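Listed below, chain by chain, are the residues.
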Amino acid sequence: MSKRPDLYTSYRKETSIFPNNTQKFWFLVMLISAILVCFVASDYWLILLTNALLVSIAAWGLNIVSGLAGQINLAHGVFVGIGTYASAVIGGVATTSVIGYELDLLIWLPLSGLIAALVGMIISPIAVRLKGLNLGLVTLAFVFIGSHIFSNMVFVTGGSGLGRKAAKLKIFGVDLNSGLEIGNTILQKNQILYFISLLVAVLLGIGVKNLVRSKTGRAFAAIRDRDIAAEALGINLFRFKSVSLAISCFYGGIAGALLMTTFGGAEPGTFNLLYSITFIAIVIIGGAGTVLGPLFGAFFFVLFPALIQNVVLSSNLSEQDLLLSPQQIERVIFGLFIILFLIFEPRGLWGIWFRLRNYFKAWPFSY
Amino acid sequence: MNIFLQATFEGLSLGAVYSLVAIGFVLIFRATDVLSFAQPAMVVVGAGFISYFATQIGISFWIAFFLGIILTGILGFIIERTFLRPMVGEPVFSVAVLTIGIDILLRVVLDNWIGINPKYMGDPFPSFGNFGSLNIGGLTIKYLEVTALITSLLLIFVLSVFFKKSKYGVAMRATSLDQEAALAQGINVGRVFGLVWFIAGLLAAFAGFFITGGFNTLTNSSFISALRALPAVVIGGLDSITGAVIGSLIIGLTQAYVGYYQFDIESAYNIKLGNGFSIVAPYLIMFVILLIKPHGLFGTEEVERV
């Protein structure tokens, strides 16, 4: 049996999270190396990795509503923003201009996800009425209305151009902003944040995998493939579309809360149209409708610009020599990748990985 | 009353300009089933071309104007040929996202060129051109707005004649009804696609000139005003040219009324709508209308079969 990893003897086995030992093995290897990286990497790369993990959480969220349930959502960034500011209000420090309650991370993290999910639930009746491009356009309206509200709710967001500080990093009443001492080693704030993000990402990643193989996940896929047929099969469109949006917003909210803590603060102008489009691009570049795809996409999206910046900085070129600033080069490559992936590899990085894997699986008899 | 008339006139003029962009959207959507998010970027590109030729190179305004418009049209044609032709038959949403990618590319290049200083559009009649205004009975009417209104109406008229009478106009209508049937009738559908993007580019450049002309100037945020044609299209219905024009007028008027009356409303009802509410108001209207009529005011309802 162990020689034939693709042979499944029951449906339960085939749909299990890790169908064979190879996958269990590689998952463990990745997990352990992810933990070890924390002690090796410099602060710069650690923050980047944290960022990538968090962005992939948000991308999973968008993938649930767009890739899995097939509902276009151009406003995912706004839900990320809602989570961000929910965490800042619950866990942040009050000043003369903003409110804050300084609660524990164990309270603000789930709550910021739930608040984003609640907002998603509230607007879902609107989204459920529409489908296809019209839905996409309504969510586009959300982006503009959302950023307007963000920049005008000064007591929550700090106002446009100013922003506010992030929630306090406090677990069980222990303030972790200056690090944590365990025995002889001191865990820095960045390392703690990395661990929290890793833990949350692993949990939520397994959550996505579980969702895909559950009854709800199958209902989502049915709605994506043909909503009318799904309805005829007895799937309650209204319920499942709202649920998909709510779960997606929950993921976005959690990611937003932790992202803000990583960067220390957020300005309402961040959550604009381009920010929302970023997530769509990540899902497309990674591979829509898959579990690993958004993870690939997020790491690609976060680490690739850092690589470009390193190359630009180390190439002894001053900014005047280049036609575009590094940030603009980043954007050009970003736009190009959206186009090229859609034309040449609609299944994204996941598709490339899938073909590579199958090639080596059958090697030397691959065709 | 004066304020009301002033707002109405400005709104109508704005709406007429938006309708040029909106018609471009609708043409592309009907003929090729693509919702082009790149259209607002094309508007800014058109304005950029005109400004570049007229103020930086310094050739006569009219040549610069027509050169800019034609070049924007050609750019639309090239975009269709290179990026969108391989995507024929792909899901509508993928193609829409692809146009977002194009939009990002165009805007990066343009933002880099515009830089921090606003660009001017050049002026056909230095004595009373883009910057001047007319005073009729207490109303200040800018020449630019009058020209925008007249030009837009003229262009809409020319287009409608083109669709009814000319060979290619009929071919375009046939293609938008049914691509395969049009192919079977001997219509070169590929050429029609290119032509549609060309015309949409021309219209975008016209709109670009009027949106950024005079004191408005071309800046990094001109793009936002061009994007406002999107709610206009949605209000009117994605596949209706009449709808696009009416939707644009609604959006233009809303924007103008909100701009003039926001303060009065806020103080009368003691609410705060916030800075820049006139930018959001069109989207709110689009929201409400889509809830009542999911396909827009004039859009055809899709009949779906399983």
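As the structure is a prediction and not an experimental result, all values here were calculated from the model.

(A) Representation of helix α15 (residues 348–361) of chain A in the model. Residues and elements named next belong to chain A. An ideal rise of 1.5 Å per residue puts 20 Å on 14 residues; α15 measures up with 20 Å between its terminal C-alpha atoms. Every buried residue belonging to α15 is among G348, L349 and W350, and all of these are buried. On its buried face, α15 sits against α12 (273–286), α13 (292–314) and α14 (326–344).

(B) Focus on the interface of chain A and chain B. If you look at the interface, chain A gives 35 residues, while chain B gives 35 residues. At the level of secondary structure, the elements contributing two or more residues to the side of chain A that touches chain B comprise α5 (105–129), α6 (133–152), α10 (227–232), α12 and α14 of chain A. Broken down by element, the residue count for the side of chain A that touches chain B peaks at 11 residues, all from α6 of chain A. When grouped by side-chain class, the residues that make up the side of chain A that touches chain B number 25 nonpolar, 7 polar and 3 charged.

(C) Focus on the environment of F277 of chain B. All names here are of chain B. The topology assignment puts F277 in helix α12 (residues 277–292). On the basis of neighbour counts, which here come to 18 C-beta atoms within 10 Å, the residue F277 falls in the partly exposed class. Separated by 28 residues in the primary sequence, F277 and L249 place their C-alpha atoms 18 Å from one another. The contact partners of F277, leaving out residues within four places of it in the chain, are V258 and Q262.

(D) The arrangement of the environment of N216 of chain B in detail. Residues and elements named next belong to chain B. Its location among the elements puts N216 in the loop between α8 (189–212) and α9 (222–227). Overall, the presence of 17 C-beta atoms within 10 Å leaves N216 in the partly exposed class. Along the chain, N216 and V288 lie 72 residues apart, while their C-alpha atoms are 30 Å from each other.

(E) Focus on the confidence of the model for chain B. All names here are of chain B. Mean pLDDT over chain B: 85, with 96% of residues reaching 70 or higher. Helix α3 (residues 61–84) holds the highest mean pLDDT among the elements of chain B, 92, whereas strand β1 (residues 133–136) holds the lowest, 74. Across the assembled chains, the prediction reports ipTM 0.83 with pTM 0.87.

Calculation criteria
- Residues numbered from 1 in each chain as written.
- Chains lettered and ligands numbered in written order.
- Predicted model: local features only at pLDDT ≥ 70, side-chain atom pairs only at ≥ 80, totals over all residues.
- Helix = DSSP H or I, 4+ residues; strand = E, 2+ residues; numbered from the N terminus.
- Expected span 1.5 Å × (residues − 1).
- Buried ≥ 20, exposed ≤ 12 C-beta atoms within 10 Å, placed from the backbone.
- Contact = placed C-beta atoms within 7 Å.
- Nonpolar A, V, L, I, M, F, W, Y, C, P; charged D, E, K, R; others polar.
- pLDDT = per-residue confidence, 0-100.

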